[in-house]
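Listed below, chain by chain, are the residues.
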Amino acid sequence: MQIQPPSFPTPPAGHKDAAIALLVLDTEETIFLASNEEFSLGRATAGQPIVPDIDLSSFNAYETGVSRLHASLNTKKHPITIQDLGSVNGTRVNGKKLMPHSKTTLSHGDILTLGKLKVQILIKD
């Protein structure tokens, strides 16, 4: 039996245009994203010359094996895609490991695993 993913949450005032949300499963915190953009996911460290657009440091990214520049999420057009950026600990979609630098299509409710950090993608219909 497959569990139904949650519906798209109501975005806060500053994110009314958000069409994509990332639900961090261990904390149940939601990160709202605008559509029509490309985002890098990873963790920032002091002195890092290039920082990710979405810094997952506050979600124990270092401890769970998230690379500084781990993956790229493209919401510019449908379908939405993710690409592993050659991360050390890999990226998985619904348990299937992605090949580095190849794009994979995402659907509402897919579980992304960056290292050991699990995030569910929620897409507004």
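Reference entry: report on the structure contained in this document.

**Brief notes about the pairing of strand β3 (residues 38-42)**
Move 1: Burial analysis of β3 places 4 of its 5 residues in the buried class, the great majority of the element.
Move 2: With 5 bridges connecting them, β3 and strand β5 (residues 69-74) associate as antiparallel partners. Bridged to Phe 39 within β5 is Leu 73.
Move 3: Both β3 and strand β4 (residues 54-55) contribute to a ladder of 2 bridges, which runs parallel. Paired with Leu 41 across the two strands is Ile 54, which belongs to β4.

**Some words on the sheet that holds strand β9 (residues 103-105)**
Move 1: Pairing is mixed in the open sheet, where 5 strands are placed in the order β4-β3-β5-β6-β9. Of all strands in the sheet, those bounded by a partner on one side alone are β4 and β9.

**Focus on the nonpolar core**
Move 1: Among the nonpolar cores identified, the biggest contains 26 residues, and Leu 22, Leu 56 and Ile 82 are the most heavily contacted of them.
Move 2: For this core, the elements supplying multiple residues, two or more each, are β1 (18-24), β2 (29-34), β3, β5, β10 (111-114) and β11 (117-123).
Move 3: Discounting residues that sit within four places of it in the chain, Leu 22 has contacts with Glu 29, Thr 30, Ile 31, Leu 33, Leu 41, Ile 54, Leu 73, Val 119, Gln 120 and Ile 121.

**Topic: empty space enclosed by the protein**
Move 1: On inspection of all chains with the given rule, the structure shows 1 cavity of 30 Å³ or more.
Move 2: In this structure, the largest cavity spans a volume of roughly 30 Å³.
Move 3: Leu 22, Leu 41, Leu 56, Leu 112, Leu 114 and Val 119 together form the lining of the largest cavity.
Move 4: Among the residues making up the lining of the largest cavity, the classes are represented as 6 nonpolar, no polar and no charged.

**Focus: the packing of aromatic side chains**
Move 1: Scanning all chains against the criterion turns up 1 aromatic pair.
Move 2: Considering the side-chain rings of Phe 8 and Phe 32, the 6.2 Å spacing of their centres and the 75° angle between planes classify their relative orientation as edge-to-face. Taken together, the residues span a long stretch of sequence, with Phe 8 in the segment before β1 and Phe 32 in strand β2 at a distance of 24 residues.
Move 3: You can call Phe 8 buried: its relative accessible area is 16%.
Move 4: You can call Phe 32 buried: its relative accessible area is 14%.

**So, the sheet that holds β11**
Move 1: Spatially, 6 strands are ordered β2-β1-β11-β10-β7-β8 in an open sheet, and the strand pairing comes out antiparallel. Either end of the sheet is taken by a strand with one partner, and the two such strands are β2 and β8 (96-97).
Move 2: Looking at chain direction, strand β7 (residues 91-93) and β10 are connected through 3 bridges and run antiparallel. Within the sheet, the bridge partner assigned to Val 93 lies in β10 and is Leu 112.

What counts as what
Residues numbered from 1 in each chain as written. Predicted model: local features only at pLDDT ≥ 70, side-chain atom pairs only at ≥ 80, totals over all residues. Heavy atoms only, no water. Buried < 20%, exposed > 50% of the residue type's maximum accessible area, 1.4 Å probe, protein only. Helix = DSSP H or I, 4+ residues; strand = E, 2+ residues; numbered from the N terminus. Pairing = 2+ DSSP bridges. Core = buried A, V, L, I, M, F, W, Y, C linked by side-chain atoms within 4.5 Å. Contact = heavy atoms within 4.5 Å. 1 Å grid on protein atoms, 1.4 Å probe; cavity = no way out; pocket = protein on both sides within 12 Å on 5 of 7 lines; lining within 4 Å. Points joined across faces, edges and corners; volume = space filled by probe spheres on them. Nonpolar A, V, L, I, M, F, W, Y, C, P; charged D, E, K, R; others polar. Phe/Tyr/Trp six-rings, centres within 6.5 Å; stacked < 30°, edge-to-face > 60°.

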